[in-house]
Amino acid sequence: MQSNLRDLQAHLDRGGLLGGLAFLNARVAHRFTAVYWMHDMAMNVQALYDKQQESTANPFAVVPLRNSFCEMAMAQGHFVATDSPQDARLDGNPYQSVLGSYVGLPLVTTPGELYGTLCHYDLVARPIEDEEFAFLQSAARLLPRYLKTA
């Protein structure tokens, strides 16, 4: 896993946050990999990589915190929904039938402040391998130094 983290860091150093997200996205089947930051009671996309490279508007660019899967990731330390429409934990959430899958981890800045989340998501159901989830946890510890915190 150490060599993978060095590869991630090299992508971040060369391509910034978007370069790092592209590297992370290439490792999974999920269409999107993103960093969201919490601001004004909403989760706001800071950077997003779309495997399909579509230039359409992102309907998830700003999501009210109370409806956000990210809120659960931040509150619980992680949140994984491999088949969101069938996941009872999401009953009543307006995005339950829109997102097929979500894997999210909180991002904490150096002073220990909760910043937002690192996540993979897709419009269809997608699993994530345990080894890949463990790598994503390591990536979430590395990413804060590349975030815009001002």
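Quick caveat, the model's predicted, so the values are computed rather than measured.

Here we look at the sheet that holds strand S5 (residues 101-108)
Inference 1: Spatially, S3-S2-S1-S6-S5-S4 is the arrangement adopted by the 6 strands of the open sheet, whose pairing is antiparallel. The open sheet terminates on both sides in strands that have one partner only, identified here as strand S3 (62-64) and strand S4 (79-81). Strand after strand, the sheet turns through a mean of 25 degrees between neighbouring axes, direction not considered.
Inference 2: The pairing of strand S1 (residues 32-39) with strand S2 (residues 42-50) spans 8 bridges and is antiparallel. Along S2, the bridge assignment pairs Ala 34 with Leu 48.
Inference 3: Together, S1, S2 and strand S6 (114-122) form the strand contacts of helix H1 (residues 2-26), whose direction differs from that of S2 by roughly 70 degrees.
Inference 4: The strands touched by helix H2 (residues 69-76) within the sheet are S1, S2, S4, S5 and S6, with S5 carrying the most contacts at an inclination of about 50 degrees.

Considerations on the pairing of S1
Inference 1: Linking S1 to S2, which pair antiparallel, is a turn of 2 residues; within it Asp 40 sits at a positive phi near 55 degrees.
Inference 2: In terms of strand pairing, S1 meets S6 through 6 bridges, oriented antiparallel. Considered in S6, the bridge of Val 35 is made with Leu 118.

Reading the values: rules and limits
- Residues numbered from 1 in each chain as written.
- Predicted model: local features only at pLDDT ≥ 70, side-chain atom pairs only at ≥ 80, totals over all residues.
- Heavy atoms only, no water.
- Pairing = 2+ DSSP bridges.
- Helix = DSSP H or I, 4+ residues; strand = E, 2+ residues; numbered from the N terminus.
- Axes fitted to C-alpha atoms, helices over the stretch in contact; angles between N-to-C directions.
- Contact = heavy atoms within 4.5 Å.

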